[in-house]
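Here is how the chains run, residue by residue.
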Amino acid sequence: MCGIVAVISKKAYGFIAKDLQIFHELLYVDNLRGDDSTGIIGVNKYGDFYIDKAALDAHDFLKEYGSSCSSLIDMQKDGVAVIGHNRKGTVGKISDETAHPFVANDHFAMVHNGTLYNHNELSQTDVDSEALTIHLEGAINDPNYSIDKL
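Residues numbered from 1 in each chain as written. Predicted model: local features only at pLDDT ≥ 70, side-chain atom pairs only at ≥ 80, totals over all residues. Heavy atoms only, no water.

Now for the overall build of the chain. Each helix and strand in the chain was counted, giving 5 helices and 6 strands. The linear arrangement of helices and strands in the chain, starting from the amino end, is β-α-β-β-α-α-α-β-β-β-α. Taking 2.2 N^0.38 as the reference for a compact globule, 150 residues should give roughly 15 Å; the C-alpha atoms of the chain span a radius of gyration of 16 Å, in line with that estimate. With the principal axes as the frame, the chain shows a C-alpha extent of 45 × 35 × 20 Å. Within the chain, buried positions represent 45% of all 150 residues. Taking contacts inside the chain between residues at least 6 apart in sequence as the whole, the part at least 24 apart equals 64%. Within the structure as shown, the chain displays about 8100 Å² of accessible surface, and the carbon and sulfur contribution to it stands at 53%. (Helix = DSSP H or I, 4+ residues; strand = E, 2+ residues; numbered from the N terminus. Rg over C-alpha atoms; globule rule 2.2 N^0.38 Å. Buried < 20%, exposed > 50% of the residue type's maximum accessible area, 1.4 Å probe, protein only. Contact = heavy atoms within 4.5 Å. Areas by Shrake-Rupley, 256 points an atom, 1.4 Å probe, with all protein chains shown as cover.)

This part takes up the pairing of strand S2 (residues 37-44). Put simply, side chains in a regular strand alternate between the two faces of the sheet. Of all 8 residues making up S2, 7 are buried, and the element is well covered by its neighbours. As judged from the 8 bridges shared by S2 and strand S4 (residues 79-87), these two strands associate in the antiparallel manner. The residue bridging Val-43 from the neighbouring strand is Ala-81, located in S4. In the sheet, S2 pairs with strand S3 (residues 49-54) via 6 bridges, with the strands oriented antiparallel. Considered in S3, the bridge of Thr-38 is made with Ala-54. (Pairing = 2+ DSSP bridges.)

Looking now at unusual backbone geometry. Each neighbour pair has its own omega, and for His-100 with Pro-101 the value is 0°, a cis peptide bond. Structurally, Pro-101 is set in the loop between S4 and strand S5 (102-104). Residue Asn-105 is not a glycine yet carries a positive backbone phi of 55°. For Asn-105, the location among the structural elements is in the loop between S5 and strand S6 (108-110). At Asp-106, a position not held by glycine, the phi torsion is positive, near 60°. Inspection of the secondary structure assignment puts Asp-106 in the loop between S5 and S6.

Attention shifts here to the environment of Asp-78. Inspection of the secondary structure assignment puts Asp-78 in helix H4 (residues 75-78). By relative accessible area, which is 10% here, Asp-78 ends up buried. Separated by 69 residues in the primary sequence, Asp-78 and Ser-9 have C-alpha atoms spaced 9.6 Å apart. Ignoring any residue separated from it by four or fewer positions in sequence, one finds Asp-78 in contact with Tyr-13, Gly-14, Asn-44, Lys-45 and Tyr-46.

Written out as structure tokens, the structure reads:
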């Protein structure tokens, strides 16, 4: 199974260095839940998000991307949330592209923990979480969406 961690800031000025250090430590410890890939999404107070992800365990990911993550750099000024995901691949190959988070239509992003074996009924993708992302983004933007469409 995968693991998900997050840190949320209620401050008007984003995160302080200690907040981001705590996030790094959470992501590192969460590697126990999944060591096939690691990803981070940072969300700022304007609703913009930044993503970094790679087919690396959390230790190697933080060593390679830690201080240069675009998902974290902007968070020190305007950040409201950082979410980390450690993937244990169950459905779909392991690669940089199949690491979480997934993005649909450049404005909806998510991470997911769990396994959907019927994911191709939602969207034709290799990874179940990507299918779920595409499906949920479509449902949110469809005023006529009904659970009966599943």
